[in-house]
Amino acid sequence: MSAPTVVSAPGKVLVAGGYLVLDPAYSGVVVSTSSRFYTVVSTVDRPAPDAHAPIQIRVRSPQFVDAVWLYTVAVDPALNAVVVDPHAHKAHSTSANKFVHLALQRTLALAQEAVGTGSLQNSLAHGLDITIAGDNDFYSQRAQLAARGLPATLPALAQLPPFASTGVRLADVHKTGLGSSAALITSLVSALLLHLRVVPPASFAPDAAPAADGRALSHNLAQYVHCLAQGKVGSGFDVSAALFGSQLYTRFDPAVLEPLMADGAPAAPLLPIVSPSNPAWNYHVAPFKLPPLTRLMLADVDAGTDTPSFVGKVLKWRKEDSERANALWDALNRLNNTLSQTLLKLSELYAQDDAAYKKVVKYLSTLQSVQWLAHPGIPPEEQAVIEVFSDTHDLTQAVRAKMREMGELAGVPIEPPEQTELLNACVSRAGVIGGGVPGAGGYDAVWLLVCDPTLCPPEELPSTRVGLVWSKWTGLDVSPLAAQESAAGGARTEALDEVPGLRALVDAA
Ligand SMILES: Nc1ncnc2c1ncn2[C@@H]1O[C@H](COP(=O)(O)OP(=O)(O)O)[C@@H](O)[C@H]1O
Ligand SMILES: C[C@@](O)(CCOP(=O)(O)OP(=O)(O)O)CC(=O)O
C-alpha cells in the first residue's frame, strides 16, 4: 500500500486591491494565511476488485456532520473521458458538493489525457479514500468556544483542538472568509495530480520553485475548477495565493476559460487549454511578504458579504461614471503599490540591521501610531525604521479613505460607518500599524497589521488589546494570522504524521 498523498494550501487575505484586481491593468496585495486546507489521498487497502467492477472514490470532511460523498468512476477509453457519476453520492450524503465533484471530474479527465487510460485505471483500481480538512480559522469557532465556556479571544481560540469538529452540517457552517473553496480545490486538485502521477512530487516540495510546471498546471486547473464550481470568473487572486503564497497578483485574461465554462463535460480536450505552455495564462505573481515581527489579524465580524452583488454594482458604476472611476482607481492603485513597496522596505531594513528593527518594533508596540514620531533623540538608524512604519500607517489610512470614497460613489457599503468605527477603535490601539476591510469589504471582516506579540508581555500584547476591542464590539471570533504565513508560502506536500491531528482525522473513518 503506497503512502497517502498529502497536500496543504493556504487561505488568503486581500489586504489591498479589492475590485481593481479584476482589471489586469491593476494588481492586488495578497497575504497567504497560516491557516491551511489539507487533502489526504489514500489508495483503499483492499484486494483490487475484478477489472469490470466500478471504481469508487470516497471523500470525507470529518469536521462536519454528514459530510461523506461517494462517487463511482467510469473510465471510458472510447470516449476518452472519465465520468465521475454525479448521482452516486446522493445515496450516501444528504447534500451534493459541486466543489468536490467538479474537482474530481475535471482532474481525472485531465489525468486520462496526460497519463493515458491504462495508467489512470491502474491508479484507481483499488479506489481512493480522500479526507479533506481545514484549519479552525476557516470556520467560525464561536459555538465551540461557548461549549467550552471560553471567551471569543485569541488565547481561547488557541485552546481548541486542531481540525475541531464544528458539530454542524457543511451547508450550515459560518465561514470566516479566508477562501475555503479556493484552498480546498487547490489542495484537492494538487493532491490528485500528484497521486495520479500527472505531476512529479518535486512540484510541491516546500522548497520547490514557484514556477515549477507541476505547480503551474495545478494553478490553471484549479482556477478553472474554482470558477466552474462558483459559477463566476473572479480575479483568481485566492487560487493564486493558495498555489503561490503571499504575492502581488495581476490576473489572467478570463477569456482563457470561456471554452470550458459551458455546462457538462468540456467539449475541448483540457490539457492544451490548462497547460502552462498556453500563453493565455498571462497572470503575474510578484514576490511579497509581510514585514518581520508583525502579525496580520482578521476578525470575523458579520455573517458575510454578497461579493458578486458588490462587484456588479462597482463595475456598473465604473462603466457609467468612467472618467471619475478611472481617476479614483488609478489613485488607489498608486496607493496600493506604494503600500506594498513600503511593507517590503521594512523587510529590507530588518535585513540591514535586525537589532535596531527589533528595538523599534518593541517600542512601537507600546505607543499609539500618533505618538510614533513625537519623541526626539531617537538614534538615526532607529528613526529611519520608525518613519517607514509611520508611512505604512498613513498609507493604510489613505487606502481606507479611497475605498470608502469608491463605496459612496458606487452605492456599495465597502467600508460602512460601523466598520469605520470599529477600525478606528482598533487602529488607535498601541502597537497597531494599520488596517482595513479585506477584499470586497462590507460587513464581513476587518484586518489589522500589528506588532508581533512575542515582543511584549502577555498583558501588553497588541493582539490581546485589539482582540478585546473586537470582542467588545462584535462578540465574534478573532482569527489570528501569524506573520510567518508569508514564509510558509503556497501549496506544499506534507507528511501525514507531522500535521497535528490529521492522522487521527484520517483514521477515524
Ligand atoms: N471542509 C470542507 N469540505 C468540503 N467542502 C468544503 C469544505 N469547506 C468548504 N467547502 C466547499 O466550499 C464551499 C464554500 O465556497 P464559497 O461559498 O465560495 O466560500 P469561500 O468564499 O469561503 O470560498 C462550500 O459550499 C463547500 O462546497
Ligand atoms: C472584489 C474582488 O476583487 C475581491 C473579493 O475578495 P473577497 O476576499 O471579499 O472575496 P470572497 O471571499 O469571495 O468574498 C473580487 C475578485 O477579485 O474576484
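Predicted, not measured: the structure shown is a model, and the values here were computed from it. (Residues numbered from 1 in each chain as written. Chains lettered and ligands numbered in written order. Predicted model: local features only at pLDDT ≥ 70, side-chain atom pairs only at ≥ 80, totals over all residues. Heavy atoms only, no water.)

The subject of this paragraph is the overall build of the chain. In terms of helices and strands, the chain carries 16 helices and 13 strands. Per-residue burial for the chain yields a buried fraction of 58% across its 509 residues. Considering only contacts within the chain whose residues lie at least 6 apart along the sequence, 77% involve residues at least 24 apart. Split by element, the accessible area of the chain, about 20000 Å² in all, is 56% carbon and sulfur. (Helix = DSSP H or I, 4+ residues; strand = E, 2+ residues; numbered from the N terminus. Buried < 20%, exposed > 50% of the residue type's maximum accessible area, 1.4 Å probe, protein only. Contact = heavy atoms within 4.5 Å. Areas by Shrake-Rupley, 256 points an atom, 1.4 Å probe, with all protein chains shown as cover.)

The next subject is the site of ligand 2. By nearness alone, 13 residues border ligand 2, and Lys12, Tyr19, Ser235, Thr307 and Ala440 come closest of all. Here Thr307 contributes a side-chain N or O atom positioned 2.6 Å from an oxygen atom of ligand 2. The separation between an oxygen atom of ligand 2 and a polar main-chain atom of Ala440 is 3.0 Å. Out of a free accessible area of 450 Å², ligand 2 has 85% covered by protein chains. For the shell around ligand 2, the elements supplying multiple residues, two or more each, are strand 1 (5–16) and helix 9 (307–320). The residue makeup of the shell around ligand 2, split by class, is seven nonpolar, five polar and one charged. For the shell around ligand 2, the domains that each give at least three residues are domain 1 (5–287 + 491–507) and domain 2 (294–481). (Near = heavy atom within 4 Å. Polar contact = N/O pair within 3.5 Å; in protein donor to acceptor, adjacent residues only side chain to side chain. Nonpolar A, V, L, I, M, F, W, Y, C, P; charged D, E, K, R; others polar. Domains from an automatic or database assignment.)

Right, let's get into the domain arrangement of the chain. One frequently used descriptor of interface size is the decrease in accessible area upon assembly of the parts. Taken domain by domain, the chain consists of domain 1 (5–287 + 491–507) and domain 2 (294–481). Contact with domain 1, which involves 31 residues of that partner, is made by 41 residues of domain 2. Summed over both partners, the interface of domain 1 with domain 2 comes to about 2900 Å²; 66% of that surface belongs to carbon and sulfur atoms. The largest contributions to the domain 1 side of the interface with domain 2 come from Tyr19, Tyr26 and Leu154, which together make up 26% of the buried area. Summed over the shared surface of domain 1 and domain 2, the number is two salt bridges. In this structure, Arg318 engages Asp23 in a salt bridge whose closest nitrogen and oxygen atoms are separated by 3.0 Å. Of all the elements in the fold, those that place two or more residues in the side of domain 1 that touches domain 2 are strand 1, strand 2 (28–43) and helix 4 (154–157). Tallying contributions element by element places strand 2 first for the side of domain 1 that touches domain 2, with five residues. (Buried area = accessible area lost by both parts, 1.4 Å probe. Salt bridge = Lys/Arg side-chain N within 4 Å of Asp/Glu carboxyl O.)

Attention now moves to helix 7 (residues 237–244). With eight of eight residues buried, helix 7 is to be regarded as a mostly interior element. What helix 7 keeps buried is the set Phe237, Asp238, Val239, Ser240, Ala241, Ala242, Leu243 and Phe244. As for helix 7, its buried residues are in contact with strand 1, strand 2, helix 5 (180–195), helix 6 (213–230), strand 7 (247–250) and strand 8 (284–287). Within two residues after helix 7, Gly245 carries a phi angle of roughly 85°, on the positive side.

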